Amino acid sequence: MDTEEAAATATDTSPVASSRGFYGCVIALIAFFALIALGASALAEFEKGLDGDGQLEQPGLSGSVSQPLGPGTTARYEDGLWVTVSRPERHDDGTYGVNVTFKNGTDDQLRLGDEESSGTLDVRPGESGQDYAPGGDVRWLNWKEVASALAPPIPEGEERTVPVRLKPDRKGAPVTLEVTPPHSGYRETAHFQLSPGRALTP
């Protein structure tokens, strides 16, 4: 009788034991992968800290001199600042308007016009990185107004749109808009390649 009872007990408890073992393995695997994910996230943050908050970080084109961004795109900085340059819009007087929007996703207010002759925005004729563009000059018509608009700090979590008015010598001439927001350490320049008046290809 004792042998039969022991066998029955062993048969009853065996599935429970294997079920507990299975769930224990699943929990251990979940914990293992969670630790890997946390480690990867911490490593990514550590690498960002080594680079500095003023680095551009985005998919696709980098926004550098050799890989300028196009109109309607956004330059993303590691500290949470986003800069978007709109597509050029033609006005009746032959000038073009471009909106530059600064979205302050950093953990502090953003000062864009601290320096007397701030280089936050600059307009250059020709393609990005080109030293000379024959017949492709461009006039920046409202640089004083832009400097005034950039002067007040942008509070954390807010944004500011600054209109830029341009007049290229000829329709479709390439223009490079360079954005270098000030930073306590170092801030990369984001290059935007524009061609005011050129028809957009679908």
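Everything discussed here concerns the structure shown above.
Here the structure is a predicted model, which is why all the values come from computation and not from measurement. (Residues numbered from 1 in each chain as written. Predicted model: local features only at pLDDT ≥ 70, side-chain atom pairs only at ≥ 80, totals over all residues. Heavy atoms only, no water.)

Participant: Help me understand the overall build of the protein chain in this model?
Facilitator: Helix and strand content of the protein chain: 2 helices and 9 strands. Starting at the N terminus, the α and β elements of the protein chain follow one another as α-β-β-β-β-β-β-α-β-β-β. Out of the 202 residues in the protein chain, the part that is buried amounts to 30%. Total accessible area computed for the protein chain in this model is approximately 12600 Å², and 54% of it derives from carbon and sulfur atoms. (Helix = DSSP H or I, 4+ residues; strand = E, 2+ residues; numbered from the N terminus. Buried < 20%, exposed > 50% of the residue type's maximum accessible area, 1.4 Å probe, protein only. Areas by Shrake-Rupley, 256 points an atom, 1.4 Å probe, with all protein chains shown as cover.)

Participant: Got a minute to help me understand the packing of aromatic side chains in this structure?
Facilitator: The description of two aromatic rings rests on the distance between their centres and on the angle between their planes. All told, the structure shown has 0 aromatic pairs when counted by the stated rule. A cation sits over an aromatic face here: R76 above W82, 4.4 Å from the ring centre. Stacked on the ring of Y77, the Lys or Arg R187 has its end atom at 4.8 Å from the ring centre. (Phe/Tyr/Trp six-rings, centres within 6.5 Å; stacked < 30°, edge-to-face > 60°. Lys NZ or Arg CZ within 6 Å of the ring centre and 35° of its normal.)

Participant: Sorry, what's going on with the pattern of salt bridges here?
Facilitator: One side chain can pair with another of opposite charge once the charged atoms of both are near each other. Tallying each qualifying case throughout the model produces 4 salt bridges. Ionic pairing is found between R187 and D79, a salt bridge with its closest N-O pair at 3.1 Å. Linking R187 in the loop between β8 (175-179) and β9 (190-194) with D79 in the loop between β1 (73-76) and β2 (81-85), this pair joins segments that are 108 residues apart in sequence. Each member of the pair, R187 as well as D79, is classed as buried. Between R165 and D93 there is a salt bridge, with the nearest N and O atoms lying 3.0 Å from each other. You can see R165 sitting in strand β7 (residues 159-168) and its partner D93 sitting in the loop between β3 (89-90) and β4 (96-104), a full 72 residues away along the chain. Exposure remark for R165: the relative accessible area of 33% places this residue in the partly exposed category. We classify D93 as partly exposed; its relative accessible area is 46%. (Salt bridge = Lys/Arg side-chain N within 4 Å of Asp/Glu carboxyl O.)

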